[in-house]
Amino acid sequence: QVTLVESGGGLVQAGGSLRLSCAASGRTFSDYAMGWFRQAPGKEREFVAAINWSGGSTYYGDSVKGRFTISRDNAKNTVSLQMNSLKPEDTAVYYCAVHARARYNYAMGLKNRNEYNYWGRGTQVTVSS
């Protein structure tokens, strides 16, 4: 059983920064890509960022490119999302997830929420204008 626990969400003013963290347990963390997704009220869950098993490749959604940075620490079984220059439209619940396939590193699959088989409960990020 894989457990993912997100932390670091909160309320921030537009232009501010937050750092989300996700702690993973129950799987050989370093063999799997990790992703961050978000879901705003009334909207579908959308891709935010992903990082391959080694940390050597990263991928971002168009709306966050240049503002968000994903990273991982395989020694600590954690993945982080540094969010800068936050906008009100970034307001959402943010989820971390584990990709279903070991050593997977194709952008199309890493951006597809249906290819992730374990999810955290999410952390709320609210950006005020």
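Just so it is clear, the model here is predicted, and its values are computed rather than measured.

Draft legend 1. The arrangement of the overall build of the protein chain in detail. Along its length, the protein chain carries 1 helix and 11 strands. Tracing the protein chain from N to C terminus, the helices and strands come up as β-β-β-β-β-β-β-β-β-α-β-β. Rg of the C-alpha trace for the protein chain: 13 Å, near the compact-globule value of 14 Å for 129 residues, within the 12% margin. Along the first, second and third principal axes, the C-alpha set of the protein chain runs to 40 × 25 × 25 Å. For the protein chain, the residues scored as buried account for 42% of the 129 residues in total. Long-range pairs, those at least 24 residues apart, make up 60% of the contacts in the protein chain between residues at least 6 apart in sequence. Summed over its atoms, the accessible surface of the protein chain is roughly 6,500 Å², and 45% of this surface lies on carbon and sulfur atoms. Across the protein chain, 15 positive and 9 negative side-chain charges occur, with their mean positions spaced 3 Å apart.

Draft legend 2. Highlighting empty space enclosed by the protein. With the rule as written, the count across this model stands at 1 cavity of 30 Å³ or more. When its volume is computed, the largest cavity comes out at roughly 50 Å³. Taken together, Val2, Ala24, Ser25, Gly26, Arg27, Phe29, Tyr32, Met34 and Val98 make up the lining of the largest cavity. Mapped by element, the contributors of at least two residues to the lining of the largest cavity are strand E3 (18–25) and strand E4 (32–39). For the lining of the largest cavity, the residue count by class is 6 nonpolar, 2 polar and 1 charged.

Draft legend 3. Molecular detail of the pairing of strand E11 (residues 123–128). Alternating positions in E11 separate cleanly, Thr123, Val125 and Val127 being buried on one face and Gln124, Thr126 and Ser128 remaining unburied on the opposite face. Pairing analysis gives 4 bridges linking strand E2 (residues 10–13) to E11, with the strands arranged parallel. Residue pairing in the sheet places Leu11 in a bridge with Thr126 of E11. In this structure, strand E9 (residues 92–102) lies alongside E11, joined through 3 bridges in antiparallel fashion. Each residue of the ladder has a partner; that of Tyr94, found in E11, is Thr123.

Parameters and conventions
Residues numbered from 1 in each chain as written. Predicted model: local features only at pLDDT ≥ 70, side-chain atom pairs only at ≥ 80, totals over all residues. Heavy atoms only, no water. Helix = DSSP H or I, 4+ residues; strand = E, 2+ residues; numbered from the N terminus. Rg over C-alpha atoms; globule rule 2.2 N^0.38 Å. Buried < 20%, exposed > 50% of the residue type's maximum accessible area, 1.4 Å probe, protein only. Contact = heavy atoms within 4.5 Å. Areas by Shrake-Rupley, 256 points an atom, 1.4 Å probe, with all protein chains shown as cover. Lys, Arg positive; Asp, Glu negative; His and termini not counted. Charge placed at Lys NZ, Arg CZ, Asp CG, Glu CD. 1 Å grid on protein atoms, 1.4 Å probe; cavity = no way out; pocket = protein on both sides within 12 Å on 5 of 7 lines; lining within 4 Å. Points joined across faces, edges and corners; volume = space filled by probe spheres on them. Nonpolar A, V, L, I, M, F, W, Y, C, P; charged D, E, K, R; others polar. Pairing = 2+ DSSP bridges.

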